[in-house]
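One letter stands for each residue in the lines below.
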Amino acid sequence: MIEQRVRVRFAPSPTGALHIGGARTAYFNWLFARKSGGTFVLRIDDTDTSRSSEASYQQIIDSFRWLGLSWDEGPEIGGEFGPYRQSERLALYREELQRLLAEDKVYPCFCTQEQLLAEREKAQKDGRTPHYSGHCRQLTREQQEYELAAGKTAVYRLRAPKSGSTVVSDMIRGEVVFNNEEIDDFIVWKADGTPTYHFASCVDDYKMGITHIIRADEHLSNTPRHIAMFQALGAPIPQFAHIPMILAPDRSKLSKRHGATSVDEYRMAGILPEALINYLLLLGFSPGEDKELVEVEQAIELFDLRKVTKHAAIYDVKKLAWVNSHYIHSASPDYLLALVWEAWLGRHWTIANPNREQLAWLRSVIVVMQERSHNLQDLQDGVAYYFSAPMQYDVKGVRKHFTAPSTQEHLRRTADILQDAVPFTAHTIERVFRRFIAQQGLKGGELIHPTRLSLSGLTTGPGLFDMMAVLGRVECRQRLLAAADWIGQQVELKV
RNA sequence: GGCCCCAUGGUCAAGUGGUUAAGACACCGCCCUUUCACGGCGGUAACGGGGGUUCAAGUCCCCCUGGGGUCACCA
C-alpha cells in the first residue's frame, strides 16, 4: 500500500465570524497536517451566495492570521488545486453534475416544495423519518426529457443506495454503522443552478485530494450521505475524524447570548492569540504529562487525533483567563507594548515616533504593570494614571487612608523628602520613605497607603516604590501636593 | 418522532479489569506582603441509575435516564 501524503482541509462558510468551535476544528486539522508533514488547505464554502458576505470572509481570514494558522493552499495564496472559493468553482461542479447525470447516478426531480413539505409533514405525523419518497426516482429518460422540454425547473438528486449499510470508519469513534434506508435521495443541485453543500464539499474533497476529513461532530450523521456521494463520484473514501462539539456552560449549543463566541471577540477582549490557541487545544484533548500550558511548537509534537475525547466540552472562560494571564506574564515587554500601541496612541499616551528615552519609559510602564495584568485590556485601561494625574480618588480608599488628621501634613512632608532620593529609583525612594516612617513613629501602611492613593487614585497596584520610580520625582511631588490640597478642601467643605 | 453519538468533581481532563480514582481551572483556608496580583502550602469536591460477565468493573455487555447531533433547494 502506498503511503499517501496527508491532505486536510478546513472549509468555513463566510456567513459570520470564525467561531471558537470552528477555530478549534481548524487548529486540530492544522496540527494533524503539521505533525504528519501534510498539507493544510483552507477552502471557502460560499455556495450560499445570499448568506455569504465579503466582510465575514475577510474577518475569517484575519482571524486565521491572528491565530497564526497558516494555510498551505487556499485563498490569497492559491495552490495547484484552486480556486479555493466555491463561488469560483461553479463550472467544475456543473461538469461533475453532467458526468453523474450521464452515468444516471443523479436524476432530475420535479416535485414542488409544497409537495415535499406535505410529504414531510405526513411522515412526521406517522412517526416515520421524513425522507424523500423517491417519486421522481422512477422516471424514465423519456419522462425526464419530456418534463425538461416542457420547461419545468428541476433539482437534481443523488440515486442513493436503498439497501445494505454504510460503515463510517472514524479515527476517534471507531466504526459507526448506518442503515442505508436512512439515507434518502438528497438534493445535490438546487433549482437556482448552484450545488448544495453536500455536493460541492464532496466534489472539492475529491478534486483537491483530501485524505482526511476532520470536522465537527454534527457532521457524523451526514457522513453516510457523503460516502454515497464519493462512491457516485468514483472517488476514494477519505478517512474521517469527528471531533466533539464545544458547548455553552448550560450544555446548550454556543450562541451569542452566552457571551463571546467568536475568535474576533476574544481578540477584542484582550486575549492573546497564543493563549486562545493553547486553551482550544485543552478542549477535547489532553497533551499528557499533566501539561496545560502548551505552545504551538510543542502542540504539534504532542498532538494525536486518536487521543481526542469523544464527548462535548463546555468552554470555561475562567480557565481561558488563567491561560491568558500566563502568556501576558511571560511575554516580552516590547511585544506587549506593540500590542497596546494603537490603543495608547489613540489616547495620546504616546506619539507616533518616540525617541529612545521615551520608548524606554513606555516600556517601564509595561514592566511594572504586566505582572498583575490578566489581559491586554488591563494594560490599556489600568495604566491611565501613569500618563495623567488621577481625576478622582477611590471612595473607599479615601475613607480608609485620607481621614487621619495628620495625613495632609504627611503627604506634604513626603513630597519634600522625595528630594533626598538620588537617583530617583525604587531603592532610594524606599530608603527615604522608611527613614521618614521611623522618624515619625508611623507604621509603614500609614504612609504608604495614602501615598499610593494620592499618586494613582487607587488602592491597588504595583509595589509603591516601583510605581513612583516610573512616575518620576516631579510628577510624584505634584500629585502628593494636589492630594494634600484636595484633602484640605474636603475638610473645609464639611465645616 | 426515526437514526447516530456521548456520559469520571462546578469546568477541562488522566485512567484502558486489581489505583488511597491523577493533574489543571474555579472555590475555601494558611503563608509571603505596603495594597492588589504573582508565588508557595493545604483543603472541599467525581465514576448518572439498574442489571449482568468476572475472584475482581470507572474500565467489558445489556437496559434505563440524561445530554448532544442529524433527518433543508443552510453550510
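Just so you know, these numbers come straight off a predicted model, no measurement behind them.

Q: Would you take a moment to explain the protein's contact with RNA strand B for this structure?
A: RNA strand B sits among 62 residues. The nearest are R173, K190, R372, H449 and G461. N222 has a polar side-chain atom sitting 3.4 Å from a base nitrogen of RNA strand B. The residue inventory of the surface near RNA strand B, partitioned by class, reads 19 nonpolar, 22 polar and 21 charged.

Q: Can you help me understand the domain arrangement of chain A in this one?
A: Interfaces are frequently sized by the accessible area removed from exposure as the parts join. Domains assigned within chain A are domain 1 (7-78 + 201-247), domain 2 (95-189), domain 3 (256-331) and domain 4 (336-494). The straight-line distance from the C-alpha centre of domain 2 to that of domain 4 is 73 Å.

Q: Just checking my understanding: could you explain the environment of D104 for this structure?
A: Counting through the fold element by element, D104 comes out in the loop between α3 (90-102) and β3 (106-109). D104 sits in the partly exposed class, given a relative accessible area of 31%. Along the chain, D104 and I314 lie 210 residues apart, while their C-alpha atoms are 46 Å from each other. Beyond its immediate chain neighbours, meaning those up to four positions away, D104 contacts R141 and R159.

Q: Looking at this structure, I do not really get the packing of aromatic side chains. What am I missing?
A: To describe a pair of aromatic rings, you give the distance between the ring centres and the angle between the ring planes. Counted under the stated rule, the structure contains 15 aromatic pairs. Taken together, a centroid distance of 4.7 Å and an interplanar angle of 5° make the contact between W349 and F387 stacked. Of this pair, W349 sits in the loop between α12 (333-346) and α13 (356-370) while F387 sits in the loop between α14 (378-381) and α15 (395-401), and the two are 38 residues apart along the sequence. Considering the side-chain rings of F433 and F465, the 5.3 Å spacing of their centres and the 70° angle between planes classify their relative orientation as edge-to-face. Of this pair, F433 sits in helix α17 (residues 426-440) while F465 sits in helix α19 (residues 464-471), and the two are 32 residues apart along the sequence.

Q: For this particular structure, what's the right way to read α19?
A: The buried fraction of α19 amounts to six of the eight residues, a majority that puts the element mostly inside the structure. In the core, the buried residues of α19 are packed alongside α13, α17, α18 (444-456) and α20 (473-494).

Q: Hey, could you run me through the pairing of strand β2 (residues 39-42) in this one?
A: The two faces of the sheet receive side chains in turn, since in a regular strand these alternate between them. The two faces of β2 match: T39 and V41 on one face and F40 and L42 on the other face are all buried. Bridge count for strand β1 (residues 7-10) against β2 is four bridges, and the pairing is parallel. From the neighbouring strand, V8 faces β2, where its bridge partner is F40.

Q: Got a minute to help me understand the pattern of salt bridges in this structure?
A: Opposite charge on two side chains permits them to pair, given that their charged atoms come into close proximity. Going through the model one piece at a time under the given rule, you end up with 33 salt bridges. In this structure, D184 and R225 form a salt bridge, with 3.6 Å as the shortest nitrogen-oxygen distance. Taken as a pair, D184 in the loop between β6 (174-179) and β7 (187-189) and R225 in helix α7 (residues 223-233) lie far apart in primary sequence, 41 residues in all. Relative accessible area serves as the criterion here: at 12%, D184 is assigned to the buried category.

Q: Explain the sheet that holds β3 here, please?
A: Pairing is antiparallel in the open sheet, where three strands are placed in the order β3-β4-β7. Pairing within the sheet leaves two strands with one partner each, and these edge strands are β3 and β7. Averaged over neighbouring strand pairs, the angle between their axes works out to 45° when direction is ignored. The pairing of strand β4 (residues 155-158) with β7 spans two bridges and is antiparallel. Residue pairing for β7: Y156 is matched across the bridge by W189.

Q: Mind showing me how you'd approach the packing of helix α16 (residues 407-417) against α17 here?
A: Any two packed helices are characterised by the angle at which their axes cross and by the distance between the axes. At their nearest, the axes of α16 and α17 sit 10 Å apart, and the two run at 140° to each other. Between α16 and α17, the angle is such that the two are oblique. Here α16 runs over α17; the crossing is right-handed. Within the contact between the two elements, α16 uses H410, R413, T414 and I417 and α17 uses V432, F433, F436 and Q440. Looking at side-chain class alone, the contact of α16 with α17 contains four nonpolar, three polar and one charged residues.

Q: What is the right way to look at the packing of helix α1 (residues 20-36) against helix α9 (residues 273-282) in this model?
A: The N-to-C vectors of α1 and α9 enclose an angle of 80°; their axes lie 10 Å apart at closest approach. Classed by the angle they form, the pair α1 and α9 counts as roughly perpendicular. Along the contact surface, α1 presents I20, A23, R24, Y27, F28 and L31, while α9 presents I277, L280 and L281. Grouping the constituent residues of the contact of α1 with α9 by class yields eight nonpolar, no polar and one charged.

Calculation criteria
Residues numbered from 1 in each chain as written. Chains lettered and ligands numbered in written order. Predicted model: local features only at pLDDT ≥ 70, side-chain atom pairs only at ≥ 80, totals over all residues. Heavy atoms only, no water. Near = heavy atom within 4 Å. Polar contact = N/O pair within 3.5 Å; in protein donor to acceptor, adjacent residues only side chain to side chain. Nonpolar A, V, L, I, M, F, W, Y, C, P; charged D, E, K, R; others polar. Domains from an automatic or database assignment. Helix = DSSP H or I, 4+ residues; strand = E, 2+ residues; numbered from the N terminus. Buried < 20%, exposed > 50% of the residue type's maximum accessible area, 1.4 Å probe, protein only. Contact = heavy atoms within 4.5 Å. Phe/Tyr/Trp six-rings, centres within 6.5 Å; stacked < 30°, edge-to-face > 60°. Pairing = 2+ DSSP bridges. Salt bridge = Lys/Arg side-chain N within 4 Å of Asp/Glu carboxyl O. Axes fitted to C-alpha atoms, helices over the stretch in contact; angles between N-to-C directions. Parallel < 35°, antiparallel > 145°, perpendicular 65-115°, else oblique. Left-handed = near helix turned anticlockwise from the far one by under 90°.

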